[in-house]
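An overview of the molecular structure
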Amino acid sequence: MITLGIETSCDETAVAVVDKGQVLSDEVSSSVHLHAAYGGVVPEIASRFHTEYIFSVFKKALRDAKTGIKDIELIAVTCGPGLPGSLLVGKAFANALSFAEGLPLVEVDHVNAHIASCFISDQEEDMTDLFPFLGMVISGGHTNIYSCRSLNDFSVIARTKDDAAGEAFDKVAKILDLGYPGGPIIEKRAKGLTKHPEIRFPRALLNKKTDVDFSFSGIKTAVLYYWKDCRKTEEEKDKICSSFQEAIVDVIDKKVLRALELTGAERLAVGGGVVNNELLRQRLVLRCQRSGVKLYLPEKKYCTDNAAMVAFLGEKKFKAERVRA
Ligand SMILES: Nc1ncnc2c1ncn2[C@@H]1O[C@H](COP(=O)(O)OP(=O)(O)OP(=O)(O)O)[C@@H](O)[C@H]1O
Ligand SMILES: [Mg+2]
């Protein structure tokens, strides 16, 4: 089934073509450069960008996939969560196409799609055969753990009480005046550095053994105070980046262990932009090896927002509904 995916929940205008789980094209045009001066996404700028670029991104996705609109059999579109004005552009575009071409339309939850991205390149196993599993999204807007029981049943078992992990990366980069988005820049500056015992940022909510929720706003404030009083050198920035990254990864690692122990899960799928981070990936691999848990991570190109994950999950949802009907 050839599925067209459309994703416009934040600052990426993305369209992809997926056929029976195989990605034929995956086009992304990002307005990230327009938000860089503000240190975060400006909703009005993001939605205007979607309006301007969605049609050309759509045409390029069809071209790259060597398909025409007449080959498309299903449209999948992100319905939320996300910026309302941005989501509206994708949904209106999808609705118009669906009406004009008489194509079925399936709505896909953005966060569920991040989890589904873990299974895109897995040719051996079908995601639908792997339920139940533990899902996790570590992104710019979420740091949540889900109990995933079926395509329509992803229920939250842990969440961040304040900032998401990606948001913390972005805010710390802003404090250090490093640019936006913060995650890749901080990872680069931390690279190759050993640990710095003299800089230890707090790890929140680790005291109670049953607490799997996250909190990342304290660490951002700790970085702010440290930065105010330290020597403001480039070397000091690198050390802060390294210690900050270590603290975030450490907390996620410990919470994942807790969640695995509390639920007895045998499989874990972790998606979202922060999963680009190499230290985090390595630590998750190690954790799951030690716990005897099968780990699914997305290829790096599917970590941040993309439409391939939307088409991939949309196709599975549509087929499952058809079987049930
Ligand atoms: N290498 C990296 N290390 C750490 N964080 C990273 C890395 N690469 C990207 N990020 C972070 O990932 C986030 C973007 O991820 P993503 O696109 O999944 O988020 P979003 O779509 O804005 O949020 P959500 O999916 O929750 O709606 C940013 O906060 C960015 O800093
Ligand atoms: Mg996202």
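Keep in mind that what you see is a predicted model, and the values were worked out from it rather than measured.

Conventions and cut-offs
- Residues numbered from 1 in each chain as written.
- Chains lettered and ligands numbered in written order.
- Predicted model: local features only at pLDDT ≥ 70, side-chain atom pairs only at ≥ 80, totals over all residues.
- Heavy atoms only, no water.
- Phe/Tyr/Trp six-rings, centres within 6.5 Å; stacked < 30°, edge-to-face > 60°.
- Helix = DSSP H or I, 4+ residues; strand = E, 2+ residues; numbered from the N terminus.
- Buried < 20%, exposed > 50% of the residue type's maximum accessible area, 1.4 Å probe, protein only.
- Donors = N, O, S within 2.8 Å, 3.2 Å for Na, K, Ca; no water.
- Domains from an automatic or database assignment.
- Contact = heavy atoms within 4.5 Å.
- Buried area = accessible area lost by both parts, 1.4 Å probe.
- Salt bridge = Lys/Arg side-chain N within 4 Å of Asp/Glu carboxyl O.
- Polar contact = N/O pair within 3.5 Å; in protein donor to acceptor, adjacent residues only side chain to side chain.
- Nonpolar A, V, L, I, M, F, W, Y, C, P; charged D, E, K, R; others polar.
- Core = buried A, V, L, I, M, F, W, Y, C linked by side-chain atoms within 4.5 Å.
- Near = heavy atom within 4 Å.

1. Digging into the packing of aromatic side chains
Scanning the model with the defined rule gives 11 aromatic pairs in all. Aromatic pair F55 and F93: ring centres 6.4 Å apart, planes at 65 degrees, arrangement edge-to-face. Pair noted here: F55 is in helix α2 (residues 43-64) and F93 is in helix α3 (residues 84-101), with a separation of 38 residues, a long-range link. Here F55 falls in the partly exposed class, since its relative accessible area comes to 45%. Their ring planes at 55 degrees and their centres at 5.4 Å tell us that F119 and F133 sit as a pair that is tilted. Of this pair, F119 sits in the loop between α4 (110-116) and β6 (133-138) while F133 sits in strand β6, and the two are 14 residues apart along the sequence. The buried category is assigned to F133, whose relative accessible area is 4%. Among the aromatic residues, those joined into a ring-pair cluster are F119, F131, F133, F154 and Y296.

2. What to know about the coordination of the magnesium ion (ligand 2)
Within the protein, the atoms that donate to the magnesium ion (ligand 2) are H110 (NE2), H114 (NE2) and D305 (OD), at distances of 2.0 to 2.2 Å. Sequence positions of the donors to the magnesium ion (ligand 2) reduce to the motif H-x3-H-x190-D. Pair noted here: H110 and H114 are both in helix α4, with a separation of four residues, about one helical turn. Of the two residues, H110 and H114, neither departs from the other in class, the shared state being buried.

3. What to know about the domain arrangement of the protein chain
One can read the domain layout of the protein chain as domain 1 (2-121 + 303-324) and domain 2 (127-298). Its C-alpha centre places domain 1 at a distance of 26 Å from the equivalent point of domain 2. In this assembly, 26 residues from domain 1 lie in contact with 27 residues from domain 2. Together domain 1 and domain 2 conceal approximately 2,000 Å² of surface at their shared face, both sides included; 74% is due to carbon and sulfur atoms. Area buried by domain 1 at its contact with domain 2 is led by I115, F119 and C303, which between them contribute 32% of it. Between the two partners, domain 1 and domain 2, sit zero salt bridges. If you look at where domain 1 meets domain 2, you find three residue pairs in polar contact (both at pLDDT 80 or more). Secondary structure elements with two or more residues in the side of domain 1 that touches domain 2: α1 (32-35), α4 and α10 (308-324). Ranked by the residues each element gives to the side of domain 1 that touches domain 2, the list is headed by α10, at seven residues. When its residues are assigned to classes, the side of domain 1 that touches domain 2 shows 14 nonpolar, seven polar and five charged.

4. Regarding the nonpolar core
F216, F244, I248, I252, L268 and V270 are the most contacted members of the largest nonpolar core, which has 46 residues in total. The set of elements that each furnish at least two residues to this core consists of β6, α5 (165-175), α6 (182-190), α7 (217-229), α8 (234-263), β9 (267-271) and α9 (278-291). The leading source of residues in this core is α8, at 11 residues. Grouped together as the second largest cluster of nonpolar side chains are 33 residues, V106, V137, F312 and F318 included.

5. So, the site of ligand 1
Taken together, 23 residues lie around ligand 1, and S139, H142, D170, E187 and D305 are the ones closest in. Contact distances for ligand 1 include 2.7 Å between a nitrogen atom and a side-chain N or O atom of E187. At the level of elements, α4, α5 and α6 are the ones that each hand at least two residues to the shell around ligand 1. Looking at which element gives the most residues to the shell around ligand 1, the answer is α6, with four residues. Among the residues forming the shell around ligand 1, the class breakdown is six nonpolar, 14 polar and three charged. Residues lining the shell around ligand 1 come from more than one domain, with at least three contributed by each of domain 1 (2-121 + 303-324) and domain 2 (127-298).

6. Regarding unusual backbone geometry
Put simply, G80 and P81 share a cis peptide bond, and its omega is -5 degrees. With respect to the helices and strands, P81 occurs in the loop between β4 (74-80) and α3. Residue F131 is joined to P132 through a cis peptide bond whose omega torsion reads -5 degrees. Checked against the element boundaries, P132 lands in the loop between α4 and β6. Even without a glycine there, the phi angle at K66 is positive, about 55 degrees. Looking at the element boundaries, K66 is found in the loop between α2 and β4. Under the relative-accessibility criterion, K66 is labelled exposed at 75%. Of note in this structure, D177 is not a glycine but carries a positive phi near 60 degrees. Relative to the elements of secondary structure, D177 occurs in the loop between α5 and α6. By relative accessible area, D177 is classed as exposed at 65%.

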